[in-house]
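Okay, here's what each chain looks like letter by letter:
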Amino acid sequence: DCGRQCTAAVVEPLKDPTDIQIAYKRAVQADARNADILRQLETFALEYDKFGREIRIGACVNCNAGGEQCAMCQMRLAFKTEFEEIPLGTAGRCLTLDEMAKMLLTAPKPKLNYTPKQKVDNSF
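Residues numbered from 1 in each chain as written. Predicted model: local features only at pLDDT ≥ 70, side-chain atom pairs only at ≥ 80, totals over all residues. Heavy atoms only, no water.

Engineer: Talk me through the pattern of salt bridges; I want residue IDs and the actual numbers.
Structural biologist: Pairs can form between side chains of opposite charge once their charged atoms are near each other. Summed over the entire model, instances satisfying the criterion amount to 2 salt bridges. A salt bridge links Arg33 to Asp98; the nearest nitrogen and oxygen atoms lie 2.7 Å apart. Of the two residues, Arg33 is situated in helix 2 (residues 33-38) and Asp98 in helix 6 (residues 97-106); the sequence distance between them amounts to 65 residues. Residues Lys50 and Glu47 are paired through a salt bridge, measuring 3.9 Å at the closest nitrogen-oxygen approach. (Salt bridge = Lys/Arg side-chain N within 4 Å of Asp/Glu carboxyl O. Helix = DSSP H or I, 4+ residues; strand = E, 2+ residues; numbered from the N terminus.)

As structure tokens, then:
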């Protein structure tokens, strides 16, 4: 079963350390699990040592400069109250997308204001 649950990326090598840092930040900010994958590559080993799984400093590097938010920031804004109540992962680490999804799906739901329709007797 070679190739199952496997990700491969073929890219031109980056020479500028700033480009490497930005690429690492974008990947980790999109999903913290990417840090675990990238740290296995020699190119990103120093970035992992520097930042680890935590990329929370400053503006989001994935959001568009034109003001359009990335999917992660849109999700954090849409579920702001839920994210405030969700605890961080083990030892305060950032949650992965899978962990966030599980937490959001199992979070307490708001009470619904539901009034059942009254049945109308239409018999003659």
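Engineer: Quick one: what's the story with the side chain of Glu47, residue by residue and with numbers?
Structural biologist: You can see Glu47 is positioned in helix 3 (residues 42-51). Look at Glu47 and you get buried, because its relative accessible area is 7%. What Glu47 contacts, discounting residues up to four positions off in sequence, is Ile20, Gln21, Tyr24 and Gly52. (Buried < 20%, exposed > 50% of the residue type's maximum accessible area, 1.4 Å probe, protein only. Contact = heavy atoms within 4.5 Å.)

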